2 protein chains.
Amino acid sequence: MKLRSVNEIELPAAFDAHVHLRDGEMSQLVTPTIRRGGVNQVYVMPNLVPPITTIQQCLEYRDRLKAIDPSVDYLMSLYLHESITPEVIREAKKAGITGVKSYPAGVTTNSSSGVVDYATFYPVFAEMEKQNMVLNLHGEVPSTPTHAPSSTTTKDDVPTPAITILNAEPAFLPTFKALHERFPNLRIILEHCSTAAALAAVRACGPTVAGTITAHHLSLIIDDWAGDPFCFCKPVAKTPEDRDALLKAVVSSQGRFFLGTDSAPHDSRKKRGEDKIAAGVFTQPYAVGLVLDALEKGVERGVLAEGDVSQEVLEGFLGGWGRGFYGAEETRGERIVLKRGGEDIVDVLRKDGVSVDVVPFRRGEQTWSVSWK
Amino acid sequence: MKLRSVNEIELPAAFDAHVHLRDGEMSQLVTPTIRRGGVNQVYVMPNLVPPITTIQQCLEYRDRLKAIDPSVDYLMSLYLHESITPEVIREAKKAGITGVKSYPAGVTTNSSSGVVDYATFYPVFAEMEKQNMVLNLHGEVPSTPTHAPSSTTTKDDVPTPAITILNAEPAFLPTFKALHERFPNLRIILEHCSTAAALAAVRACGPTVAGTITAHHLSLIIDDWAGDPFCFCKPVAKTPEDRDALLKAVVSSQGRFFLGTDSAPHDSRKKRGEDKIAAGVFTQPYAVGLVLDALEKGVERGVLAEGDVSQEVLEGFLGGWGRGFYGAEETRGERIVLKRGGEDIVDVLRKDGVSVDVVPFRRGEQTWSVSWK
């Protein structure tokens with residue numbers, strides 16, 4: 001396929017392996033936009049307030065989402081927390097829960113209940129491996145506090161760089177690798193890969209390990225979010241070289257990388273006007289179109305070749321590969337038709353009777369429209 | 001001096017070698033805060049709208065500043081621009097203008113009229129060298145556009161990294177060094193050094209070259225401005241290692257580095273509420289106190305030794321070394337007394353009859369108070 005000369009593309013409905021649908025009013029606003037983005041199956045993050053740490057909470061949450069839009073399949077996850085035991089894992093498996101999301105404490109939105117020491121959870125991971133559940137890793141370590149020493153010295157007197165949001169993902173990779181080595185049959189996803197180093201780490205693992213890539217990390221670099229609240233997320237977008245490595249990973253994925261948008265809605269008042277700006281980029285209503293646009297820019301810049309963005313790559317990255325990894329069949333047989341420039345991205349997403357509103361990524365621009373067959 | 005156990009420090013009034021006083025209402029608001037920060041002499045940046053490119057503009061601007069606060073000495077600068085010729089330099093010298101500020105086009109607030117090619121200005125620099133005027137360099141190159149290739153290949157097939165706000169200062173250093181080599185007697189200041197690389201580049205030059213360091217770069221790292229509009233400036237704060245190198249440069253300066261706050265007021269509406277956040281940190285009313293606090297944190301973290309922050313270092317960094325480089329005597333003989341924790345930083349700086357307001361750095365916290373002897 002020559003993406004730049006194609007005006008219409010037909011694909012199976014997409015699978016988004018990383019969504020934040022929130023709860024309450026925000027959920028009422030954003031859940032109905034899943035299908036608008038070309039997606040009919042999602043893997044739902046559990047970082048609500050309080051986090052989803054029990055099976056009952058999880059199933060009730062799924063029921064609330066189904067009540068909002070029953071035409072989407074919701075794969076559910078638990079929030080890794082001290083209350084998650086091997087017993088909970090066995091029960092979760094029986095209840096049809098798909099996986100467990102691990103947030104290191106304090107690295108992103110609603111992660112304050114997250115993990116401090118992974119070894120504590122080895123019995124849980126062993127049970128997950130046995131039960132064939134998926135472990136989703138937010139792959140960052142917490143930054144060294146601002147007022148801590150900028151470097152510590154190891155036994156060999158080699159200074160260790162301080163951790164910032166720039167090297168927080170690379171600094172997590174040894175933990176990631178160690179988990180895979182200890183639990184080689186545990187299915188692990190390194191979520192929202194944002195660096196070339198993370199991609200290399202995933203590739204170096206066995207086939208039980210995959211990585212998700214967001215739509216926005218395929219187009220953003222650090223300059224874009226410096227001074228723009230609506231491009232600011234965790235992990236932060238890094239260098240042009242990292243972004244281009246992500247684009248190349250999409251087309252050379254062969255199933256190791258697939259779409260997880262990490263679409264993260266925040267009320268616009270938490271993006272503007274607040275002194276501390278909430279981290280998260282909202283892409284849900286335009287998920288598939290934004291990926292196509294980013295790939296096309298990659299072709300324009302010469303990072304990708306014309307032929308790289310094949311029908312097979314699009315079907316795989318946007319659906320097949322993720323479903324394959326999750327063992328989640330697309331039983332509805334739905335297909336979508338994308339039309340170039342057919343969709344105007346709204347300036348702000350609003351809904352009658354809902355008091356929050358959300359500004360989408362690339363507001364006011366055009367992207368591909370989605371229609372359902 | 002053991003900074004941590006001292007509650008009162010007496011110093012000569014400070015010299016701030018890099019201030020943005022703006023014009024009109026904003027100038028009415030911020031100019032009266034210079035002395036509140038312990039400063040009685042400033043070097044004033046010319047990036048107004050339109051920029052200060054003529055001698056008449058410059059002198060009229062100084063008159064407006066003097067009318068606001070006649071008890072401050074204003075050293076003035078021109079904005080490097082195609083209209084600045086060797087003839088203008090000679091006239092400027094006669095008129096008592098101190099230096100010329102060079103902004104690369106498009107790198108920061110009001111820099112759109114800036115320099116594209118330095119070679120164009122070699123005759124101007126030669127005349128400045130002859131007239132003993134100071135060249136102030138904003139030491140960053142413009143970022144590679146987001147949609148440009150992430151790397152280009154040099155003649156030797158070595159990929160060159162794309163330019164982002166992270167490496168924009170290191171990427172400028174070859175230009176900086178080349179200017180010094182071509183004009184070894186031209187007094188050059190590398191403004192608001194933000195990386196260890198910039199400090200090393202200044203040290204490698206002859207004694208005609210110095211660097212300024214801001215109060216905020218002595219305490220901020222990238223994590224601080226990610227998501228906080230009031231810590232976002234250009235050049236952006238970098239890593240903890242860079243910040244700590246700046247702290248060490250203060251105490252080991254021996255005159256090569258001195259205070260230039262780059263205090264950059266923006267109406268709070270351009271910091272909150274706008275989609276594109278204006279770059280700049282406002283420190284003017286607390287300039288000296290903020291430096292003391294940053295040095296003290298450096299001692300607490302073990303980056304600096306107790307004895308590093310001597311009376312000599314404080315007198316030099318905050319006044320003597322900058323005045324020495326500029327040949328600007330402190331003729332008033334004024335002295336200030338700083339008292340630990342004596343000043344509450346306001347949440348927002350307002351003034352009757354002025355419609356703009358500015359949020360200062362570290363709003364709501366405490367710093368050293370300044371009283372005048």
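Structure first, text after, so check above.
Note that this is a predicted model, so its numbers are computed, not measured.

**Overview of the overall build of chain A**
Now for step 1: Along chain A, the regular secondary structure elements total eleven helices and 13 strands.
Now for step 2: By the compact-globule yardstick of 21 Å for 373 residues, chain A fits well, its C-alpha radius of gyration being 20 Å.
Now for step 3: Projecting the C-alpha coordinates of chain A onto the three principal axes gives extents of approximately 60 × 45 × 45 Å.
Now for step 4: Among the 373 residues that make up chain A, the fraction classed as buried is 61%.
Now for step 5: As displayed, chain A has an accessible area near 13500 Å², and 50% of this comes from carbon and sulfur atoms.

**What about the sheet that holds strand β4 (residues 73–79) of chain B?**
Residues and elements named next belong to chain B.
Now for step 1: Pairing is parallel in the open sheet, where eight strands are placed in the order β2-β3-β4-β5-β6-β9-β10-β11. In this open sheet, the two edge strands, each paired with only one partner strand, are β2 (14–19) and β11 (257–259). Shown here is a sheet whose adjacent strand axes are inclined to one another by a mean of 30°, direction ignored.
Now for step 2: Pairing geometry for strand β5 (residues 99–102) and strand β6 (residues 134–137), over four bridges, is parallel. Of the residues in β6, the one forming a bridge with K101 is N136.

**Comments concerning the environment of E181(B)**
Residues and elements named next belong to chain B.
Now for step 1: Along the chain, the position of E181 falls in helix α5 (residues 168–182).
Now for step 2: What makes E181 exposed here is its relative accessible area of 64%.
Now for step 3: In this structure, the C-alpha to C-alpha distance between E181 and V359, residues 178 residues apart in sequence, is 41 Å.

**A closer look at the relation of the copies chain A and chain B**
Now for step 1: Superposing chain A onto chain B takes a rotation of 180° plus a shift of 0.0 Å along the axis, which leaves an RMSD of 0.0 Å. Accordingly, the operation relating the two chain copies is best matched by a two-fold axis. Distance from the rotation axis, computed per C-alpha, reaches its smallest value in chain A at G273(A): 2.5 Å.
Now for step 2: In this assembly the copies share their binding face: 100% of the residues contributing to the interface of chain A also contribute to that of chain B.

**Comments concerning the interface of chain A and chain B**
Now for step 1: At the junction of the two partners, chain A supplies 35 residues and chain B supplies 36 residues.
Now for step 2: Here chain A and chain B share an interface that buries about 3200 Å² over both sides, 57% of which is from carbon and sulfur atoms.
Now for step 3: Counting the contacts that link chain A with chain B gives two salt bridges.
Now for step 4: Measuring nitrogen to oxygen at the nearest pair gives 3.7 Å for the salt bridge that ties K276(B) to D228(A).
Now for step 5: Taken together, chain A and chain B are joined by eight residue pairs in polar contact (both at pLDDT 80 or more).
Now for step 6: Elements supplying a minimum of two residues to the side of chain A that touches chain B: α7 (222–225) and α8 (240–251) of chain A.
Now for step 7: A class-by-class count of the residues in the side of chain A that touches chain B yields 15 nonpolar, eight polar and twelve charged.

**Quick look at helix α8 (residues 240–251) of chain B**
Residue and element names in this part refer to chain B.
Now for step 1: Taking 1.5 Å as the rise per residue, α8 with twelve residues should run 16 Å; its terminal C-alpha atoms sit 17 Å apart, in good agreement.
Now for step 2: With ten of twelve residues buried, α8 lies mostly within the body of the structure.
Now for step 3: Buried-residue contacts for α8 involve α6 (196–203), β10 (209–213), β11, α9 (287–300) and α10 (311–326).

**With respect to the packing of helix α5 (residues 168–182) of chain A against helix α6 (residues 196–203) of chain A**
Residue and element names in this part refer to chain A.
Now for step 1: Following both chains from N to C, one finds α5 and α6 inclined at 10°, their axes separated by 9 Å at the closest point. In terms of orientation, α5 lies roughly parallel with respect to α6. For the pair formed by α5 and α6, the contact residues are E169, P170, L173, F176 and K177 on the first element and A197, A198, A201 and V202 on the second.
Now for step 2: For the contact of α5 with α6, the per-class residue count stands at seven nonpolar, no polar and two charged.

**Regarding the nonpolar core**
Now for step 1: Within the largest apolar cluster, 250 residues are counted, with the highest numbers of intra-cluster contacts made by F176(A), W225(A), Y326(A), F176(B), W225(B) and Y326(B).
Now for step 2: Sequence-distant contacts of Y326(A), that is, excluding residues within four places in its chain, are made with F15(A), A17(A), Y43(A), L75(A), T98(A), V134(A), N136(A), R187(A), I189(A), E191(A) and F258(A).

Rules used throughout
- Residues numbered from 1 in each chain as written.
- Chains lettered and ligands numbered in written order.
- Predicted model: local features only at pLDDT ≥ 70, side-chain atom pairs only at ≥ 80, totals over all residues.
- Heavy atoms only, no water.
- Helix = DSSP H or I, 4+ residues; strand = E, 2+ residues; numbered from the N terminus.
- Rg over C-alpha atoms; globule rule 2.2 N^0.38 Å.
- Buried < 20%, exposed > 50% of the residue type's maximum accessible area, 1.4 Å probe, protein only.
- Areas by Shrake-Rupley, 256 points an atom, 1.4 Å probe, with all protein chains shown as cover.
- Pairing = 2+ DSSP bridges.
- Axes fitted to C-alpha atoms, helices over the stretch in contact; angles between N-to-C directions.
- Least-squares fit on C-alpha atoms with pLDDT ≥ 70 in both.
- Contact = heavy atoms within 4.5 Å.
- Buried area = accessible area lost by both parts, 1.4 Å probe.
- Salt bridge = Lys/Arg side-chain N within 4 Å of Asp/Glu carboxyl O.
- Polar contact = N/O pair within 3.5 Å; in protein donor to acceptor, adjacent residues only side chain to side chain.
- Nonpolar A, V, L, I, M, F, W, Y, C, P; charged D, E, K, R; others polar.
- Expected span 1.5 Å × (residues − 1).
- Parallel < 35°, antiparallel > 145°, perpendicular 65-115°, else oblique.
- Core = buried A, V, L, I, M, F, W, Y, C linked by side-chain atoms within 4.5 Å.

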